[in-house]
Every structure is written in C-alpha cells, then in structure tokens.
Number of protein chains: 2
Amino acid sequence: MTMTVKSYTAARWHAPSGERSSLLNASTSEQVAVVGTDPIDMVPVLHHGRSVGGPALRELPFHERALALKRLATHLNGKRDQFYAMSAWTGATKRDSFVDVDGGIGVLFTYSSKGRRELPNTTVLLDGPTERLGRGGHFVGQHIYTPRRGIALQINAFNFPVWGMLEKLAPAFLAGVPTVVKPALQTSYLAAAMAEEIIDSGLLPEGSLQLIAGGTRGLLDLLTEQDTVAFTGSASTAAQLRSHPAVHTGGVRFSSEADSLNFSVLGIDVQPGSEEFELYVRQLVTEMTSKAGQKCTAIRRALVPDALVPAVIEAVATRIAGKVRVGDPTADGVTMGALVGLAQREEVRRSLDILSAAADLVVGDPDDFEVVGADPERGAFLPPMLLWGKDTSRSEPHDVEVFGPVSTVLGYRDTAHAVDLAARGRGSLVGSVVSADPAVVRELVLGVAPWHGRVLVLDRDSAAESTGHGSPLPHLVHGGPGRAGGGEELGGIRSVLHYLQRTAIQGSPRAVSAVTGTWITGSPRNTGDIHPFRKSLADLRVGDAVEGGPRAVTPDDVNRFADLSGDHFYAHTDDAAAAATPFFDGRVAHGYFVVSLAAGLFVSPEPGPVLANYGLDNLRFVTPVYPGDALRVTLTAKSISPRADADYGEVAWDAVVVNQRDEVVATYEVLTTVAKTWPA
Amino acid sequence: MTMTVKSYTAARWHAPSGERSSLLNASTSEQVAVVGTDPIDMVPVLHHGRSVGGPALRELPFHERALALKRLATHLNGKRDQFYAMSAWTGATKRDSFVDVDGGIGVLFTYSSKGRRELPNTTVLLDGPTERLGRGGHFVGQHIYTPRRGIALQINAFNFPVWGMLEKLAPAFLAGVPTVVKPALQTSYLAAAMAEEIIDSGLLPEGSLQLIAGGTRGLLDLLTEQDTVAFTGSASTAAQLRSHPAVHTGGVRFSSEADSLNFSVLGIDVQPGSEEFELYVRQLVTEMTSKAGQKCTAIRRALVPDALVPAVIEAVATRIAGKVRVGDPTADGVTMGALVGLAQREEVRRSLDILSAAADLVVGDPDDFEVVGADPERGAFLPPMLLWGKDTSRSEPHDVEVFGPVSTVLGYRDTAHAVDLAARGRGSLVGSVVSADPAVVRELVLGVAPWHGRVLVLDRDSAAESTGHGSPLPHLVHGGPGRAGGGEELGGIRSVLHYLQRTAIQGSPRAVSAVTGTWITGSPRNTGDIHPFRKSLADLRVGDAVEGGPRAVTPDDVNRFADLSGDHFYAHTDDAAAAATPFFDGRVAHGYFVVSLAAGLFVSPEPGPVLANYGLDNLRFVTPVYPGDALRVTLTAKSISPRADADYGEVAWDAVVVNQRDEVVATYEVLTTVAKTWPA
C-alpha cells in the first residue's frame, strides 16, 4: 500500500504535481508513501492564512479557542489507533508512538485547560499591572498583547511528526495565529494523516491549519514582519534559516530548537547500589533506546564521578542485555525499533566515527547485534551504544550529536568539574541531576541552569511520578540557549506569547481603559442607582461601582473581632507593643476586619446574580487603621470574563478602602462569579 | 580644548594607540575630541567581564544591585552640570541634554526602585507558580531565571550617548551581567565622560562596566552563547550584525532597536480648533524639532483626515514660525540645535531628496533658513521641514527614515485606512493617537498594536501629565517589531529578563525547593517546638511551620460574624437562596471569616519579631465551609527576603485551611514583615 502525501492549502487538498520521492518503511525499506519535492507556491498559502484563518481566529475570545482545542483533542483521542500502524512505519515502537501521538493530543488538552484557567475570555491580554506615569494619576501605562497578523510557519523534524506539529499548533492557535505546517519529508505521511483528521473534523476554523508537503526552496522568501517561524532540526539548518534576509532584514520572528548535547549527572553523593544509582542507570538506558535515541532531548553525555565510571558502564551493559531487544517494532518482544531510515543510520555511523576518535565504545557493537523480526540489511537498525571519553578535555563528546542510540560516559572530579563539563555543550535543551543531597542538587542545578532550558532532578522521592529526562511537558518550557537554538516552546502560556506582540499603551485612564476593556484606577466610575450586585453579566459593565460607608471602627469592634476570630495578635491588643513596631502608633484594627467590614459596606445582601466570592488578589494594607477611624469603600467592576461553557462568568472588582482623611487604607481585588442572566 | 577619548578595559583606562579620528563641535566644526578607530582587542575585555565583573555582580542579591544603582544615580545627579557643556557640542539644546543626561539618570532611579519593589532580595528569580506534574504531588516544576554568564555588549547610537548607555546598563546590572559599552564614535566623548564619572565613583563593582571606544572590526567574533548584544542604530547595520556567525550559529542573544517610521494620527473625530487638534500640532512640532529630529522615536508620518490636511499644515507652519529658532544651542533663544555633524546633514539631505519624489515640501526650506549665533556653513543646521505625500500609495514616506527634523503629512479616508497606513511602516517603535473618542481610540490602538512597541494616546485628560510621543519611559517597553528591530528594552523588570536564562526545574518538591530557596507544597515542613512567629530572620528558615485547630464553625459564629462585619450576603444568611446557586448546598461561612479564624489559629499573639501583616496574595476559597465544619490551618514560611536597607524584611507564608475531611478549604499567602533580630 502506498499513500500519496498531499498538501492542504487554501482550503483544498492538492496532490504533488512535480518531482516525487519515495518514503520507505524504516524496518523493511518497502515503499509506504510518495511525497512531492518541488517547492510549494507560498502565495496562496500566505494569503489564505492571513485573510481567512487569522481573522476567523482573532474573532474568537481565548476561551473559545481553548474549547476548540479541547473538542479537537477529544476527537483525536478516539482516533488514535489509526495512527499507530503508520507510526510503526517510522521505526517507532508502540511506546514511542504513545509519546508522539498521545503526547501530542495531551498537549492540546493541556493548552485547552490552561487557556481557560489562565487567560481571560476576551481578545486582549494584559501584561502586568497598570503603571502610574504622572503624579496626578491622569497618565498611565499598560502593556497588552495582541495577535500578530501573519502566519505561524512550523518547520518540523522527522522524529515526532504528530507531537511536533501539535505542540506548535496549540500555542499559535490559542494566540489567534493561523498555522502552516511544513513536516519533515521522511515521516510526512503521518503528519499529513493527522492533519487530514484535524481538518476533516471541522473543529478548527478554516484557514487556521494548512499543511505543505514539498521542497523547502523559497519557503521563507515571502514572509514578513508579522510572520513567525518555529523550526526544529539541525543547528546548521537553523543557522541557514536565520541568515535568510526575511529573518535578518525582514523582521520575521524566528525561533529554533536545534542540536543539543544533553547531559545527565550522577551526583557525587550517590553510592553504587543505592536507589539513585539504579534510577540513574535506568534513565540513561531509557534515553538511549526510546525512539532509537532519535530524540533531541536524549542523554548524550553521562557525567559520572570518576570512581563510579566502571560501575555505571557495567550496570548499563547489564541492563541493556536484560531489557533491550532491537527489531521490527511490530514484532513481539521488541523494545527498541529502527532509525527512521538507512540514510539516517549512515549519518549515525559517520558521527559515531568522529566521536570514536575521543571515546571508546564500551557497550554495544554497530557491526554485531541481534535484530528481531526483520532483515538487518533492509531495516535501519542499530544497537544501543555507550562510549567512554576518558580524556574529558577532548571536544568531540561535547560537540558531536550522534542522533541515534548513543551516549558517552565522562568521568568528573567534583561538582564544579561536572558543571564545567555540562556547560561545554554550549547550550542544551535539558540536563538531569540524579542526587538525594539538597546541597549537591542546588550547586549542580544553579551551576548549569544558564546553559539549559530544562533541568530535571531525579531522586527516590519523585521517581514514581517523574516523567523523565527526555520528555518535554506542555507546562514547562522546551528549548535551550546557544547550540540548542535559543528558542522556547511550550511552557504553558509562555509560548502563546511568542505569537503575540507586546505593546505598551500610554494615555489617560479613560483612554487606556477603552483599549483594554478593563477598568483602571482613574477611569470614570458609574455609581448609578442600581447596585452593581443587582446586575447580571448581561447588564454589568466595567466601571459599574458602589460606594459604602463611612463606618467608624470602635475599640469594641476590634475587641469583638479578636474574640470572634481568636486572633489576639499584640498589634491589635496591646498599645505599647504595637507602638514599638516601626509601623504603628498604637494598636490597630485587624486587616482581616478591615476587609470584612468593607464587604459589609459594599455587598447587596439579597439573592441576586452575584453567586459567590471565590477569592481575593493583591490585598495590601497601606495605612494602619486605628480605633476611631471611619472607613469608606469603593467597589468597581474591573474585568468581566464570561465563561464559554457555563451560565456564569468571573468578575474581578477593584476595592479601595479609605479613612476619614481619604488616605488609602487597603487595596485589593474581590473575585466573584456572576450569573449571565438574572433571574436565571 | 581637545579631549582624547579613552577606553576603560580590564580595570584600566587606555588611550588609543593607532589611527585617530577628529570629533567636531556640531555647531562650529571645531575639533573637540579625538578618538581611536582601530579595533579594540576583545580578549582582555571579555575575560575581565566574565571573570571579574560577572562573579562580583552575581554575588550580590537583587536589592544590593538595586541600591548600587540608586547610589550611582544620586551621585551622578550631583554632577549633571559637567555634562551639559559637552552635550552642547553634539548640537543639543539644554532641553535635549535634559532628555539625555537627566533622562539617563532617571532610568537608574527607576530601575533601583523597581528592583527593590518587584524583585526579591535573593539571587534566584522565580517565574510563575509551581506546576504540579504528578497526581501525588511528588513531582513538580518551577521556572527560574539565573544570570547569563557572559557579558552584555551595548552598541549605541550617536543621538543619546548618556541615556543610551544607562538605559541598557541598568537592566543588565540588575540582572547580574557585566556591561561593555561601545559608544557611537561621533559623540563618544560624552559617553566616555559619563563612564569615567561612574567608574571613578567606585559605586559599581569593578568589571561591571567597561567602555571600548574604537573601531568595530571583529567586535562580535569572540562572543559566545552566554553573551548578549543590544544594538541601537540603523536597520542595515542591525541586519549585518544579525548575519554574523556569532549570532546565527554561535548563539549570541541579539536584540536591536533600529529604523522606525513612527506615525501620529489625528483621530477622525477631532475638529480644528479643539483641544485635541492643538495637542496634535504641538506634539508634531515638538517631535520634529527636539534633538533636531534625530530621534528614533520621532514622528515621521503624520496621518490626518483628508479634509484636515490643509489645516494641519497651516497650524504646523504657524507654530514653527512662532516658536522655533534654529542655531547654536548655547546661544540665547535657540530652541532647536544642530544635527550631530555635517556628514549627518548630508545624509539627511540625501534622504530628503528620495522622499521628495513622493511628497512635496510644504513647510521649511533646507536652502533658506535663519541660523542664530552660528555659521550655517560650518554648523550642521537644518530647519524643521514638513512634507505632504498626496499619493498615499507611494512607498517612500513609509520606507525612508529621514533622520532629522523632517515629517510627512499623509491624508487618510477613514480609521481603517489610517490603520493600514500605520502598518505600512512594517514595524515601528511608537505610534500616537490623538482623539477624545473612546471608540476611535480603541479601533486605532488595537488596529496598529501588532506593528508597534508603544502606542501613546493623547487627549485633554492626559495632556498635562503626558510625557509625549517621543519619550521612552523606563516603565514601558521600548522597541518594536519588524523594521524597528524586533527588540525590547526597558519595560521595567521585563528587560532585566533579557539578560537572564529561563530554566524549567523539575523534581520532587524537596529538590526544587533546594534549588529555589523557596518552600513549595510537598516539601518537608519543620513544625518543631518553637512557633515560627517567635523567630527573627536570623533564625527563621523556609519550611518552618505551625499547625492550628481544629476549630468548629458554629451557626452562631456565622451570625456573629455577619453582625460584626455587616456582611449579610444571602449566601451566609439564607439556606434556600445559597442552595439555589451552582456552588452551595446551604448557607456557608464568610470567606473573610475563614481567613480570620485561621489567623486566630496560627498567630502567636505575644510581642515578637513578626511586626505586621501587610497583605494577602492569591486567596482562593476552594471548598465551601458549612456550619458544623471543623477547620485546621497550616502556615509555612515560604519565602524570606531581608531588606538591604532596613532592620526587617518580608516573609511570605503559605497558608492552607482544611476541613474535617481534609478537603482544602482555602489557600493563600500571608505577607508579613519580620525583624532581622529579636529582641531588637
């Protein structure tokens, strides 16, 4: 069976029209698909993304985009089986396929969830607090994020055709930016099959996803300052793309995730036979063998205390002999599949030769190993191989990324030496530290952090739940400085921001409020006849406000509050002790009492659309309240975020409590849920 | 008098040893300084920064760095006068010099203040909340920022030699990264004089500031993945630097602030004679004339409703005739000085010729204007000049940045057309909108935001306090996408982050806590004999905790709390109405009561080192509390930030309230000030 990899551009599928290339099963070298290699005409692609996909996405508020991702994830979750067979063609075991397929779908779920929990259900995202820029409060600043008006071009690597596509799609989609996927040719059939399922589902707005399977010539030529390129692949290709005029002159935002000589260090505190020793060896073997080592996050450099090098080598050899069977991933008992193809195997052999000048092969033999259920000549198989770089001053182990089941052990003298060796990777995606000693952990992690995008600490406490060295998680940034490309993907909402433009808005509070849709101190308030707690979301507007008070605070109030709460802290009960602090002239009312009585002054007690107070944010007690002070409160609707999937939404209220001298006593935000309609 | 511009590298001042170039007074062409033009040997510079400056800075916690900036700012504030005379050599008026000198010192003050208010007094900065990655809570993630281990090379433009240096120095210094300044040759004498004052003050650690006055050949060759370059200058130079192998392959972090065709739009709602009309014209003339238009933020494109173009041109002409006098900036009555030199004047004339193909000169004549107190032939003078681009489809007004006192009026049809014209700058530093209509403001600002780093809205409300279109503020980001360089400077702590590496740390709560120095849910707690409120900062450690309760909540408690606070909200008083909400089964205790009684359970009431509760953060009510529930609280020292300049510090406590079923009822952070020693 041979599949033809088609492109999806401008709302239609297109078979390749020119030159074609055969794509082969990694284990058998049988043809499984053909793909075009002529360049894709980018004019209609960019036009469609910018004129159809972008506007459709930008119209949706964040929660609607997030819900679309959830619906899509749920849909794809039910279709997973159809991708596993195809994934096996790439050389992937079932476990590898889980990482690619289920992992990719998992990213969609996480982004959907984070999008709804961490973003407002609006189209303008605020960044940081309002900055007061003038003494009188008539001139303020507010940073906002708005969607860039171009497309997000993802240029992907061959190793995770599904995950690689979805982990870039989710944040761009949530940001409101349409995606164009350029899959790696070798495994483009799987990316295209997933894209087809997505597009056929109709769950994403048309134009939000296009797929171009073809050559790369001219790919960036037409991109402009509103477009974003996210590249995963080799450092040399990344450098080439970064040198393209569209990037260095045209203002294309370019991010890359490239070569990485990731390290894993066995802490100086760890003894052979201990739990951490076993964890170290197990993780190392896992990273050498999963996806046949074709992972940008795999451990390439195993840093081990000098004295433990032989023990580690022996333990790795034993574990590989006991656990690892190389072969056709669909054959029984196989735990490590093929590399993506014979060319990749040749590439690995070539890199291995270079590396071998500086390190001795101590586990595995590329010319002598068992292959289960496949012809070793026709399948791209290699065994897991461990080298030992005895001379740590050699550069090869730090510079040569062998993109296969290969790792190099390097002995180190002390923790500072381990940090130095880790840094010689000149920037990596991930490092891991296996140690149970907090001081060792701290020194290692803070020492290597500037060179790494992610550092995993493994110990007996976290072992059962740890997702492991090699697994990027949607919650955490994926990327690294220097050689690793300098980009950042994932990391929750952090990667959504890469597709947005941050802009500082300055002006009067009224003007800034008009832009953001959020009430800002100094903007007009509407303290009309209707108490804002009597308005459902249908009627409530930012700026709707209520004033309450004054209420005098009596010494008896403070005593009663102390008795009722049980809080007899000296600052509230003992004049002399309170006055001895740098802050008070005598005993003061409890801050908790101030916010409690403020609520008494602002609530409208009868049943109404305000359903619950679910929290407070940024409460600051600014001026002490002494018995005898009289307090007033102003509560103003600050931001309104109706839920996309419930009949209520969240309203944050600005609260300001002042005393009889108009000094600000307390500021905070009151968080409530409010019904969309009332009566319901 | 002729000054020799020296370099300060590796703790010594060096006079230039090779070729020298003369630097001339902008108004007279008399020699004022000489500067070397041979390349600087970067080996000792980089070595000194990395081995001396970096370690010294990284040893200081954030507040110590911030205080050093404050001391420096205070010191320089007393020395300003000595820079004004030298600033006049550059062609700057007194007012221009204020922007450069006082503005630069102001940036130091703001960063000092923000550093102490917005950063902890530690050396590791946390980014975002802890992410729970495993169901059992044994595997968590936390993003941190650590200082990059290289140097910050700033390559500056000629126009603001002091401000340009200090606005880049402050965030790098606060980040803990040593700076190397490469000033623009034309005005390097002023940058060097300021650098000398800074270095002689001894207020910054040696190695944190070096200055290299010389040629640029080989400047980037030795930079690595830990170094950061912040460039200000032309887009063509930026593109050249971005194409350097150190950047595209070596992983140098590169940021640029380059050409910018900034716009200012007169809103479609504004009538001639109105306050906003006057504000628009006044701001436009200010931006044309201040610094003789040599500002990357100056208004190059004045977008005006078609019908108002003649009125705006006339008003600009009238205002220039009445207010602007060009000449030697030290001469009486001069309001606009010289361009930086005759070469720059030639450059402006050349660009003006190109622009003139698409726009007619309607105000000002480069060949006929009055010059006060100077020889027009020997000084680099030009008059303010306004052009009118009648055919808005021409590209020149959007592409040709005439870096002098020049602006072009372009008529627009409607707001959408104005947005399109603004976007044709292909990315700018700043735009401004002059309008009093919130709907017009919203459409314009959100329309242009993706192409701009900053957008100012000007109206009668903010006019008196507005700092104006052309003034970057330390609180707000300065930079823009596309042609403007794609970089971001300033923006408060945002630009500090550019000199730090963000790293995701994963592991057990104990391990992550060891790295961050902050207590994390799941880390061990120390609930020993001593109540943590009895410990001063000398003894208190993160993880020190106290447990309190249980306390049963009675119906009478709820009633008494309602009476004392005055908060009779139905959810606390009316079983049936409470049960009708989606969240409650009957009436519930006030959230304010829950946190109040929790305080009653955790405080140690006697006088002690805990001085005050100054706020609460992130309070969330997770499970309703019904009368009859019994609550317990655990309070744990989460983060400790001793003040650098007071005998107390801030301690944030993690608070968790649970009920009799161990369900979490509320979570929050309690913010306190705690004495460094006790008894004091």
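Only a predicted model underlies this, so the values are computations on that prediction, with no experimental measurement involved. (Residues numbered from 1 in each chain as written. Chains lettered and ligands numbered in written order. Predicted model: local features only at pLDDT ≥ 70, side-chain atom pairs only at ≥ 80, totals over all residues. Heavy atoms only, no water.)

### Side note on the confidence of the model for chain A
Okay, so step 1: Within chain A, residue pLDDT values average 97, and 100% of them lie at 70 or more.
Okay, so step 2: For this predicted complex, the interface score ipTM comes out at 0.97, while the overall pTM is 0.97. (pLDDT = per-residue confidence, 0-100.)

### Points about the interface of chain A and chain B
Okay, so step 1: Every contact between the two is made by 121 residues of chain A and, on the other side, 123 residues of chain B.
Okay, so step 2: Counting the surface lost from both chain A and chain B, the interface buries some 10200 Å², and carbon and sulfur atoms represent 58% of this.
Okay, so step 3: Between the two partners, chain A and chain B, sit 10 salt bridges.
Okay, so step 4: Scanning the region where chain A abuts chain B turns up 66 residue pairs in polar contact (both at pLDDT 80 or more). (Contact = heavy atoms within 4.5 Å. Buried area = accessible area lost by both parts, 1.4 Å probe. Salt bridge = Lys/Arg side-chain N within 4 Å of Asp/Glu carboxyl O. Polar contact = N/O pair within 3.5 Å; in protein donor to acceptor, adjacent residues only side chain to side chain.)

### Notes on the sheet that holds strand S26 (residues 648–658) of chain B
Okay, so step 1: The 10 strands lie next to each other as S23(A)-S25(A)-S26(A)-S27(A)-S24(A)-S24(B)-S27(B)-S26(B)-S25(B)-S23(B), forming an open sheet whose pairing is antiparallel. Of all the strands in the sheet, just strand S23 (545–552) of chain A together with strand S23 (545–552) of chain B have a single pairing partner and so form its edges. The average angle at which neighbouring strand axes cross in this sheet is 25°, direction not considered.
Okay, so step 2: Summarising the sheet, S23(A) and strand S25 (residues 630–642) of chain A pair through six bridges and their orientation is antiparallel. Looking at the pairing, Gly548(A) lines up with Val633(A) of S25(A). (Pairing = 2+ DSSP bridges. Helix = DSSP H or I, 4+ residues; strand = E, 2+ residues; numbered from the N terminus. Axes fitted to C-alpha atoms, helices over the stretch in contact; angles between N-to-C directions.)

### Here we look at the domain arrangement of chain A
Residues and elements named next belong to chain A.
Okay, so step 1: What the domain assignment lists for chain A is domain 1 (3–126 + 147–259 + 495–499), domain 2 (263–471) and domain 3 (525–675).
Okay, so step 2: If you look at the interface, domain 1 gives seven residues, while domain 3 gives six residues.
Okay, so step 3: Contact with domain 3 buries surface across domain 1, with His-63, Leu-67 and Asn-121 losing the most and accounting together for 69% of the total.
Okay, so step 4: Along the contact surface separating domain 1 from domain 3 lie two residue pairs in polar contact (both at pLDDT 80 or more).
Okay, so step 5: Examining the composition of the side of domain 1 that touches domain 3, we find that three residues originate from one element, helix H2 (residues 62–77), more than from any other.
Okay, so step 6: Taken together, the residues that form the side of domain 1 that touches domain 3 break down as two nonpolar, three polar and two charged. (Domains from an automatic or database assignment. Nonpolar A, V, L, I, M, F, W, Y, C, P; charged D, E, K, R; others polar.)

### Considering the relation of the copies chain A and chain B
Okay, so step 1: Least-squares fitting of chain A to chain B yields an RMSD of 0.1 Å, with the superposition described by an axial translation of 0.0 Å and a rotation of 180°. The symmetry that links the two subunits is that of a two-fold axis.
Okay, so step 2: With an isologous cut-off of 70% or more, the 100% of interface residues of chain A that recur at the interface of chain B puts this contact in the isologous class. (Least-squares fit on C-alpha atoms with pLDDT ≥ 70 in both.)

### Regarding the packing of aromatic side chains
Okay, so step 1: Inspection of the entire model under this criterion finds 25 aromatic pairs over all chains.
Okay, so step 2: Aromatic side chains Phe561(A) and Phe561(B) sit 6.3 Å apart centroid to centroid with 55° between the ring planes, which places their arrangement in the tilted category. You can see Phe561(A) sitting in helix H17 (residues 555–565) and its partner Phe561(B) sitting in helix H17 (residues 555–565), one on each of two chains.
Okay, so step 3: Residue class for Phe561(A) comes out buried when judged on its relative accessible area of 2%.
Okay, so step 4: Here Phe583(B) and Phe584(B) contribute two aromatic rings whose centre-to-centre distance is 6.3 Å and whose plane-to-plane angle is 65°, an arrangement assigned as edge-to-face.
Okay, so step 5: Owing to a relative accessible area of 29%, Phe583(B) belongs among the partly exposed residues under this scheme.
Okay, so step 6: Here Phe584(B) falls in the buried class, since its relative accessible area comes to 13%.
Okay, so step 7: Clustering of aromatic rings is evident, with ring pairs tying together Phe533(A), Phe602(A), Trp653(A), Phe569(B) and Tyr570(B).
Okay, so step 8: We note Lys291(A) situated over the ring of Phe160(A); from NZ or CZ to the ring centre the distance is 5.1 Å.
Okay, so step 9: Its end group placed over the ring of Trp388(A), Lys390(A) keeps NZ or CZ at 4.7 Å from the ring centre. (Phe/Tyr/Trp six-rings, centres within 6.5 Å; stacked < 30°, edge-to-face > 60°. Buried < 20%, exposed > 50% of the residue type's maximum accessible area, 1.4 Å probe, protein only. Lys NZ or Arg CZ within 6 Å of the ring centre and 35° of its normal.)

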